[in-house]
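Fold and geometry: a report
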Amino acid sequence: MKRNFATAILISIILALVLGFALTSITSISVSAQNASSKPVPRLPNGKPDFTGTWDHPRVADVTKDVKGRCVGETPGCSNIGSGELAFTPVGKSDNERKDKWDYGAHCMPWGYVRSYQTPFPHGYVHHQDRLVVLWEQDNAYHVVPTDGRPLPKDLDPTWRGTSVGHWEGDTLVIETAGFNGRTWIDTAEHPHSDQLKVVERMSMPDGDHINYELTMEDPKYYTKPIKNTRVFVRMKAGQELFEYSCAENNRCEGGNCAAADVQKQGK
Amino acid sequence: MLRSLLLSAFAFVLMLCWTTAPLVAHHSFAAEFDGNKPVKVTGVVKKVEWMNPHIWFYVEGTDEVSGRSAVWGFSAGPPATLARRGIKRDVLKVGDTVKVDGFLAKDGSPNASGGKVTFADGRQVFTAAAEDAVPK
């Protein structure tokens, strides 16, 4: 009798430890305990979370890697759980390993959809009931996502940043994006993608200061498995807005050739 | 008391190193500058271009590593990134005497990334872009 009781206690303790560990692991993937805020989630008139605001994100130069700590705009508390090693198709591998990759960004072409969220420049949202407008400081570009649940059109014109549609699953906004021209990279590490790339993002707000952002990229032409990243975005301090950005205005040393500036031509 | 202060300071510095993205392959730094070729120029600021995509400032002086005298062009971070670090566009003024530590342009021109600026009064400003190599 006593032995059964002791065993039961022991099993309960072990179960409690395992459950506690599992629960804390799950929540720490989302928002780490010390960064969770008590700010309530702002709501749209229809009751859904309102993402409007200026948001900081982790610097993700390589989607395979984890990142944790300060966001690109100096806000604390961003993170990325990377995908781990990428699984290429033969075509994808050969495109990834080519020596003659053209650095489209260094020549001021549009950075791309997923990549614009990963750069040293923060982003923002203007959120209405019928659409989410994404504002990237990178390239000062915007992107409109209708959120009325319409399906992604077939036969999309290929573009740098694709075409998106969104729908709600409870309080999670699910955005599907396709119709890419395949001319961008998915990260600074120059991992390529084809025009078959499809991106799914799932966004939710655990509290008024954080967005949990899950990214899934599927590109059957280049990758044999989906590529997943899980990130935390942090709301920037009140009063912080996005800055102007212009790639072309003074792109000296473009492509590795530093043309002489006027002040360098005088006399000396 | 001193020991815990020192420990806190050490931990803070470590945290800064850990949280700022280390030398991940950044395309334009690696394409344009050579992280193995340091440049140290002391001279006078001739011009400041506080513009995107990276600020440029020009210092007429001599590089103590190569001995080369020129109007050196230094590339640093974008205006937005610097502003969020508290570095404003008037930090460098024409006529200031500065020492700039950076890394030489790959194309052989008198240009470099300019990650660290030391003023005559000893103040230092770290102007590197997010993933430029930061001179010590």
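To keep things clear, this report deals only with the structure shown in the data block. Quantities reported herein were computed from a predicted structural model and do not represent experimental measurements.

Turning next to the overall build of chain A. What chain A contains, in helices and strands, is 4 helices and 11 strands. In chain A, which comprises 268 residues, the share counted as buried stands at 47%. Sequence-distant contacts, at least 24 apart, represent 56% of the contacts inside chain A between residues at least 6 apart. In the form shown here, chain A has an accessible surface area of approximately 13,500 Å², with 56% of it arising from carbon and sulfur atoms.

Before going further, it helps to examine the overall build of chain B. Summing up its helical and strand segments, chain B has 3 helices and 6 strands in all. Counting helices and strands in the order they occur from the N terminus, chain B gives α-α-β-β-β-α-β-β-β. Residue burial in chain B is summarised as follows: out of 136 residues, 49% are buried. At a minimum sequence separation of 6, the contacts of chain B that also span at least 24 residues come to 56%. Here chain B has roughly 6,700 Å² of accessible surface; of this, 62% comes from carbon and sulfur atoms.

Before going further, it helps to spend a moment on the interface of chain A and chain B. Counting residues at the interface gives 39 residues for chain A and 37 residues for chain B. Across the chain A/chain B interface, buried area totals approximately 3,100 Å², and carbon plus sulfur atoms make up 56% of it. Here chain A and chain B share 2 salt bridges between them. In this structure, D262(A) engages K47(B) in a salt bridge whose closest nitrogen and oxygen atoms are separated by 3.3 Å. Put simply, chain A and chain B have 12 residue pairs in polar contact (both at pLDDT 80 or more) between them. Elements that contribute at least two residues to the side of chain A that touches chain B include exactly strand 2 (67-69) and helix 4 (262-265) of chain A. The element contributing the most residues to the side of chain A that touches chain B is helix 4 of chain A, with 3 residues. For the side of chain A that touches chain B, the residue count by class is 14 nonpolar, 11 polar and 14 charged.

What follows deals with the state of the cysteines. Residues and elements named next belong to chain A. The tally for this structure, following the rule as stated, stands at 3 disulfides over all chains. Here C71 connects covalently by a disulfide to C78, the sulfurs 2.1 Å from one another. Taking the torsion about the sulfur-sulfur bond, which here is approximately 95°, the covalent link between C71 and C78 counts as right-handed. The same class applies to C71 and to C78, which are both buried. Put simply, C108 and C247 are joined by a disulfide, and their sulfur atoms are 2.1 Å apart. Taking the sign of the S-S torsion, about -75° here, the bridge from C108 to C247 comes out left-handed.

A few words on the nonpolar core. All names here are of chain A. By size, the foremost hydrophobic cluster in this structure holds 33 residues, and its most contacted members are F51, Y125, L132, V199, M203, I211 and M217. Taken together, the elements giving at least two residues each to this core come down to helix 3 (113-116), strand 5 (131-136), strand 6 (141-146), strand 8 (172-178), strand 9 (198-207), strand 10 (210-218) and strand 11 (227-235). In terms of residue count, strand 10 provides more of this core than any other element does, 4 residues in total. Other than its neighbours up to four places away in sequence, F51 contacts Y125, H127, L132, W168, L173, M203, S204, M205 and I211.

This next bit is on helix 2 (residues 90-97) of chain A. Residue pairs three or four apart in sequence face the same way in an α-helix, which turns once every 3.6 residues. Regarding helix 2 of chain A, the residues found buried are G92(A), D95(A) and N96(A). Taken down its axis, helix 2 of chain A places every buried residue within 100° of arc, on the same side.

Residues and elements named next belong to chain B. Within the secondary structure layout, L82 lies in helix 3 (residues 79-84). Through-space distance from the C-alpha of L82 to that of A129 is 8.2 Å; in sequence the pair is 47 residues apart. If we skip the residues at most four places from it in the chain, L82 touches W50, I55, G77, I87, F126 and T127.

Relative to the elements of secondary structure, G73(B) occurs in strand 3 (residues 69-75). Distance in space between the C-alpha atoms of G73(B) and A105(B) is 9.6 Å, their sequence separation being 32 residues. Ignoring sequence-local partners within four residues, the contact set of G73(B) consists of Q264(A), W56(B), F57(B), Y58(B), P110(B), N111(B) and A112(B).

For the coordinates displayed, the defined rule picks out 16 aromatic pairs over all chains. Within the aromatic cluster, the residues linked to one another by ring pairs are Y113(A), Y117(A), W136(A), F180(A), Y213(A) and F233(A). Across from the ring centre of W56(B), 4.3 Å away, lies the NZ or CZ of R252(A), which sits over that ring. In this structure, R123(B) packs its charged tip against the face of F119(B), placed 4.2 Å from the ring centre.

Quick notes on the rules
- Residues numbered from 1 in each chain as written.
- Chains lettered and ligands numbered in written order.
- Predicted model: local features only at pLDDT ≥ 70, side-chain atom pairs only at ≥ 80, totals over all residues.
- Heavy atoms only, no water.
- Helix = DSSP H or I, 4+ residues; strand = E, 2+ residues; numbered from the N terminus.
- Buried < 20%, exposed > 50% of the residue type's maximum accessible area, 1.4 Å probe, protein only.
- Contact = heavy atoms within 4.5 Å.
- Areas by Shrake-Rupley, 256 points an atom, 1.4 Å probe, with all protein chains shown as cover.
- Buried area = accessible area lost by both parts, 1.4 Å probe.
- Salt bridge = Lys/Arg side-chain N within 4 Å of Asp/Glu carboxyl O.
- Polar contact = N/O pair within 3.5 Å; in protein donor to acceptor, adjacent residues only side chain to side chain.
- Nonpolar A, V, L, I, M, F, W, Y, C, P; charged D, E, K, R; others polar.
- Disulfide = S-S within 2.5 Å.
- Core = buried A, V, L, I, M, F, W, Y, C linked by side-chain atoms within 4.5 Å.
- Arc of directions from axis to C-beta.
- Phe/Tyr/Trp six-rings, centres within 6.5 Å; stacked < 30°, edge-to-face > 60°.
- Lys NZ or Arg CZ within 6 Å of the ring centre and 35° of its normal.

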